[in-house]
Amino acid sequence: MENQEPKLEESPQDEAPDQEPEQKKLKISTEGDEPASSAAVSGKSGGAERRPPKYKRRKVAIVFAFCGVGYQGMQKNPGAKTIEGELEEALFHAGAVPEADRNKPRQYEWARSARTDKGVSAVGQVVSGRFYVDPPGFVERLNSNLPDQIRVFGFKRVAPSFSSKKFCDRRRYVYLIPVFALDPCSHSEAEMARSDSGYEYVKCVECCEKGYKIPLGVFGKESVDDDGKSSEVQSDISSNNCGALKVETLSSNGEKTLNPDSEEEMTKSESKFCYGEKEMERFNRILSYYVGSHNFHNFTTRTKAADPAANRYILSFNANTVITLGGKDFVKCEVVGQSFMLHQIRKMIGLAVAVMRNYAPESVIQTAFKKDVRIVVPMAPEVGLYLDECFFTSYNKRFKVSHEEVSMEEYKEVAEEFKWKHVYSHIGSAEEKDGIVAIWLHSLNERNYPDLRVAEHKPDEVIVYKKIDAASEEKINEEEAAVKENANGAGELLLVSKVNDETSEEKNMEEGDRVEEKATE
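Definitions and limits used
- Per chain, residues are indexed from 1 in the order of the written sequence.
- The predicted nature of this model means local features are confined to residues of pLDDT at least 70 and side-chain atom pairs, given and counted, to a pLDDT of 80 or more, with totals for whole chains, interfaces and linings taken over all residues.
- Just so you know, side-chain values use all the structure's heavy atoms and leave hydrogens and water out.
- UniProt positions are given in the numbering used here, feature names are shortened, and annotations may be inferred rather than shown by experiment.
- Secondary structure counts use DSSP, requiring at least four H or I residues in a row for a helix and at least two E residues in a row for a strand, with both numbered from the N terminus.
- Burial here depends on accessible area, computed with a 1.4 Å probe over protein chains only, as a share of the maximum for the residue type. Under 20% is buried, over 50% is exposed, and the range in between is partly exposed.
- Only heavy atoms matter for contacts: two residues are in contact if any of them lie within 4.5 Å across the pair.
- Computed by Shrake-Rupley with a 1.4 Å probe, the accessible areas treat only the displayed protein chains as cover when residues are assessed.
- A pairing counts as a salt bridge when a side-chain nitrogen of Lys or Arg comes within 4 Å of a carboxyl oxygen of Asp or Glu.
- Only buried residues count toward a nonpolar core. Its members are Ala, Val, Leu, Ile, Met, Phe, Trp, Tyr and Cys residues joined through side-chain atoms within 4.5 Å.
- Here the limits of each domain have been adopted from an automatic or database domain assignment.
- Only centres within 6.5 Å qualify two rings of Phe, Tyr or Trp (six-membered ring in Trp) as a pair; their planes then separate them into stacked at under 30 degrees, edge-to-face at over 60, and tilted for everything else.
- Strands were regarded as paired on the criterion that DSSP finds at least two bridges between them.

For the chain, the name recorded in an unreviewed UniProt entry is Pseudouridine synthase I TruA alpha/beta domain-containing protein, with Brassica campestris as its organism. Of the chain, the UniProt comment under Subcellular location (unreviewed entry) reads exactly: "Nucleus". Under the heading Sequence similarities (unreviewed entry), UniProt records this for the chain: "Belongs to the tRNA pseudouridine synthase TruA family."

Dropping the structure here:
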């Protein structure tokens, strides 16, 4: 009996080694075997939960494109329809983000290479984060949960420390500007013509033929007649130094008549403006003023000149290509820089067009870089701007052995197809249907942008545009104050002073900023 007892005790021990391998197989079983394994586990453990296949989160960079029409920009904002909002929801429904991390981008280390304004598109946008990209078919799952105007091209496995924002060396943006926008005689800003009987309303024939509706206030501040009725501000038709303006006037009986003084000039203006070598050389010269490191405080909003963030470096800016969209020629303006501020590119294009159309001298661009000068710079419409590509040169060089290259090289063909199908088609149709750029050109005048002539002042004068109150204790050697009206109709004092000390310049600007904030309150 004593010899049999050990045998009875050893029987469970002998079975244990046979059961352990079976349990390990159950843990790594395939999806097809999962129900059986779950039943076995629940039978033994008393109702354990079914375990899905275990996938690891991967740090990846996602390359995609979008057409910005109908969206309030790239960055997610509460209550606004944004590109990020669409993409985050697609990631969740594709299984890349768990329920616990939904609407919590910090949990999966979300980062974007660039932010875009409302209505701005992108062809080479890159975002990064830690996502569940397995099983295969991640890109297809994402695109099935996205609208047609947002397409994911692919993704790349990246280093754990990768951030699409911090590791992006350069960004290249493209702005498509219609060729006619560079013609000083096309869509002139003047809406009143002087005649023997006074002023007559002038209609832009080009806008009327297309049926474009120019919103109220585009031309500038309205004036009030003697009888108390509001009327458009009176101005000369040659304010942009173009004597070949094609116009028609409305007589008192409502009949359309051509301006007899401009019939000869009209014949000259019939010839189509061409973006030839001479025009290209001049426009590239204007754009070259932006190249280099400058203070762009006048080309953005809510950024003061003393803020280090106002200093940006532009690597190149050129306009050497012309493409045709919907029967209209567009100049392709390409700008490459390390980073850009809000509205910076659109304001750079706006001022360059103003200079090209002779509304401002070329020197106004260099004047706008000065810290002690505040200028209201025109901003071009958002429809022609798109992010073309983001560059990760330093990262690719550093991790070229261990990780794939993050670039658009692999997606060039599909990106070009998306560009023509969605981005270019929208830009061409928007201009043909709504005349967005044509209407914007009518706002380029001295009433809306009186600061564009500041470069005509003497070099030794420092131009400071501030609202100064009577209690200000600034000490200025020579000053001359003149009241002027800005584009919004608010009264403003134009202070022209000679300042030799840089310290006193900064004090004057700080004092003016404090006074301006109090005045707005």
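From this point on, the discussion continues.
(A) A look at the overall build of the chain. What the chain contains, in helices and strands, is 13 helices and 18 strands. Looking at the chain residue by residue over its 521 residues, the buried ones come to 46%. Within the chain, counting contacts between residues at least 6 apart in sequence, those at least 24 apart form 72% of the total. Summed over its atoms, the accessible surface of the chain is roughly 28200 Å², and 48% of this surface lies on carbon and sulfur atoms.

(B) Quick peek at the pattern of salt bridges. With the rule as written, the count across this model stands at 18 salt bridges. A salt bridge links Glu-89 to Arg-102; the shortest N-O distance between them is 2.7 Å. Highlighted residues: Glu-89 in helix H3 (residues 83-93) and Arg-102 in the loop between H3 and strand S2 (111-112), separated in sequence by 13 residues. One salt bridge connects Glu-362 with Arg-285, and the closest N-O pair in it is separated by 2.7 Å. In this pair, Glu-362 is assigned in the loop between helix H8 (344-356) and helix H9 (363-368) and Arg-285 in helix H7 (residues 277-288), connecting sequence segments 77 residues apart. Accessibility expressed as a relative area gives 36% for Arg-285, which makes it partly exposed.

(C) Main features of the nonpolar core. The biggest cluster of nonpolar side chains holds 108 residues, and the ones touching the most others in it are Phe-131, Phe-283 and Tyr-290. The greatest single-element share of this core, amounting to nine residues, is contributed by H8. Looking at which domains feed residues into this core, each of domain 1 (58-168) and domain 2 (277-390 + 413-448) gives three or more. With residues up to four places along the chain from it excluded, the contact list for Tyr-290 reads Phe-296, Phe-299, Ile-314, Phe-317, Lys-347, Met-348, Leu-351, Ala-352, Ile-365 and Phe-369.

(D) Region of the structure containing the packing of aromatic side chains. By the definition in use, this model includes 22 aromatic pairs. Seen in terms of ring centroids, Tyr-290 and Phe-299 are 5.8 Å apart; in terms of plane orientation they differ by 85°. Their pairing is edge-to-face. Assessed through its relative accessible area of 0%, Tyr-290 is described here as buried. Both rings, one in Phe-296 and one in Phe-299, keep their centres 5.5 Å apart while their planes meet at 70°; by these two values the pair is edge-to-face.

(E) Looking closely at unusual backbone geometry. Looking along the chain, the bond that leaves Asp-134 and enters Pro-135 is cis, with omega of 0°. With respect to the element layout, Pro-135 can be found in the loop between strand S3 (121-131) and helix H4 (138-144). Positive phi, normally seen in glycine, also occurs at Asn-358, with a value near 70°. Along the chain, the position of Asn-358 falls in the loop between H8 and H9.

(F) Quick peek at the pairing of strand S1 (residues 58-66). For S1, the buried fraction is high: eight of the nine residues fall into the buried class. Looking at chain direction, S1 and S3 are connected through eight bridges and run antiparallel. Paired with Phe-64 across the two strands is Gln-125, which belongs to S3. Taken together, the seven bridges between S1 and strand S4 (residues 150-157) define a ladder with antiparallel strand orientation. Within S4, the position partnered with Ala-65 by the bridge is Arg-151.

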